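# Structure at a glance
Listed here are the chains, written in short residue letters.
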Amino acid sequence: MGATDHQERIAGLTPEKRALLQRRLSSKGVSGGAQTIRRRTESDPSVLSFTQQQMWFLDQLQPGTATYNVPFFMRLRGALNVEALQKAIDAVIARHHVLRTVFAAPQGTPIPVLLKKWQPPLKYADLRSLPEQAREPEARRLLEQEAARPFNFARDLMLRTMLVQLANEEFFFLHLSHHVAWDLRSREVLYHELAHNYAAFNAGRSPSLPELPIQYEDYAHWQREWLQAENLEKLVSYWKQQLAGAPPKLELPTDRPRPPVQSLRGAKIPASFPADLA
């Protein structure tokens, strides 16, 4: 049979049968190949990934902080269809469940809940009535204020956007998310889909992106399912071996002692190294 048929048959097995197959292959020295992540069914539990659980715990530990906000600013020049941009952002959120997943904890344990309805997230501020020299400082103040506003895990969309207009064809655009829903590649995906959606809506068409094969909640379920006793034991054993003899904490020779409570006030200091040193 072809590789696709083979993968579909494996994906159709129950978790118990897939685990049994993996054990038999391992006992024969055969790798099971790439893991297939299937869509969750209604009977599958709705769970957080381990990274989401970590982010939720940190938010409970220090509520009301913006430590894990991920903001990006950009300046836009040229004619801009604000309504098309709003629709384009809304379409991204509709497409990616993780951006409209909130976390309820009725019994103290977080449960992901997918929002069916939400308010469009584009905030808009028009500063053209201000004196020209005052517009950019005010725009930066508004954007930094928005970037520092914490996310409420129990009710907020995990993508916020703000557009500040300085002149007829000059804007500042901010988009920000939280690490609970955002990783290194997320910005690339956002820009690709935002450009596609905006071009379609600006031309009076509907976007034509293909349906996603899986959502993040499917990955979270697969991760929990995969990391069961046998695989977990292997990972724990590996890291115990790798970290054997490591100090309990890393004491760096910093110029100031670590405070008992983090202030999170930081700065960027650029530095260059010669190529041979690098």
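Residues numbered from 1 in each chain as written. Predicted model: local features only at pLDDT ≥ 70, side-chain atom pairs only at ≥ 80, totals over all residues. Heavy atoms only, no water.

### What about the pattern of salt bridges?
Using the following cut-off: For this document, the term salt bridge refers to a Lys or Arg side-chain nitrogen within 4 Å of an Asp or Glu carboxyl oxygen. Exposed residues in this analysis have more than 50% of their type's maximum accessible area, buried residues have under 20%, and partly exposed residues fall in between, with area computed by a 1.4 Å probe over protein chains only. A run of H or I in DSSP counts as a helix once it spans at least four residues, and a run of E counts as a strand once it spans at least two, with each numbered from the N terminus.
One pass over the full model with this rule turns up 16 salt bridges. For Asp44, the salt bridge is made with Arg38, and the minimal N-O distance between the two is 2.9 Å. Overall, Asp44 belongs to the buried group, its relative accessible area being 13%. In this structure Arg38 comes out as partly exposed when scored by relative accessible area, which is 21%. The residue Glu170 makes a salt bridge to Arg77 at a minimum N-O spacing of 3.8 Å. Taken together, the residues span a long stretch of sequence, with Glu170 in strand β6 (residues 170–178) and Arg77 in strand β1 (residues 69–77) at a distance of 93 residues. Classification of Arg77 as exposed rests on a relative accessible area of 65%. In this structure, a network of salt bridges that share partners links the residues Arg75, Arg77, Glu136, Arg140 and Glu170.

### Quick word on helix α7 (residues 216–226)
Heads up, the rule is: Residue contacts are counted whenever heavy atoms from the two residues lie within 4.5 Å of one another.
Looking at α7, one finds that the buried residues are Asp218, Ala220, His221, Trp222 and Gln223. Summarising the contacts, the buried residues of α7 are in contact with α3 (50–61).

### Topic: the nonpolar core
What counts here: What makes a nonpolar core is a set of buried Ala, Val, Leu, Ile, Met, Phe, Trp, Tyr and Cys residues whose side-chain atoms join them at distances within 4.5 Å.
One finds Ile89 and Val164 to be the most contacted residues of the largest nonpolar core, which totals 40 residues. Elements with a contribution of two residues or more to this core: α3, β1, α4 (82–95), β4 (122–126), α5 (132–147), β5 (159–167), β6 and α6 (186–202). Residue contributions to this core peak at 6 residues, all from α4. Apart from residues lying up to four places away in sequence, Ile89 is in contact with Pro121, Leu122, Leu159, Thr161, Phe173 and Leu194.

### As for the packing of α4 against α6
Test applied: A fitted line through C-alpha atoms serves as each axis, taken over the contacting stretch for helices, and the angle formed by two N-to-C directions is quoted from 0 to 180°. Throughout, the term roughly parallel applies to angles under 35 degrees, roughly antiparallel to angles over 145, roughly perpendicular to angles from 65 to 115, and oblique to all others. Left-handed describes a crossing in which the near helix is turned anticlockwise from the far one by less than a right angle; the clockwise case is right-handed. Ten residues, namely Ala, Val, Leu, Ile, Met, Phe, Trp, Tyr, Cys and Pro, are considered nonpolar, four, namely Asp, Glu, Lys and Arg, are considered charged, and the remaining ones, Gly among them, are considered polar.
Across the interface, α4 lies against α6 with an axial gap of 8 Å and an inter-helix angle of 130 degrees. Classified by the interaxial angle, the pair formed by α4 and α6 is oblique. For the pair α4 and α6, the crossing hand works out as right-handed. In contact with Ala84, Leu85, Lys87, Ala88, Ile89, Ala91, Val92 and Arg95 of α4, α6 contributes Leu190, Glu193, Leu194, Asn197, Tyr198, Phe201 and Asn202. Tallied by class, residues from the contact of α4 with α6 come to 10 nonpolar, 2 polar and 3 charged.

Worth remembering: the numbers are spatial, not functional.
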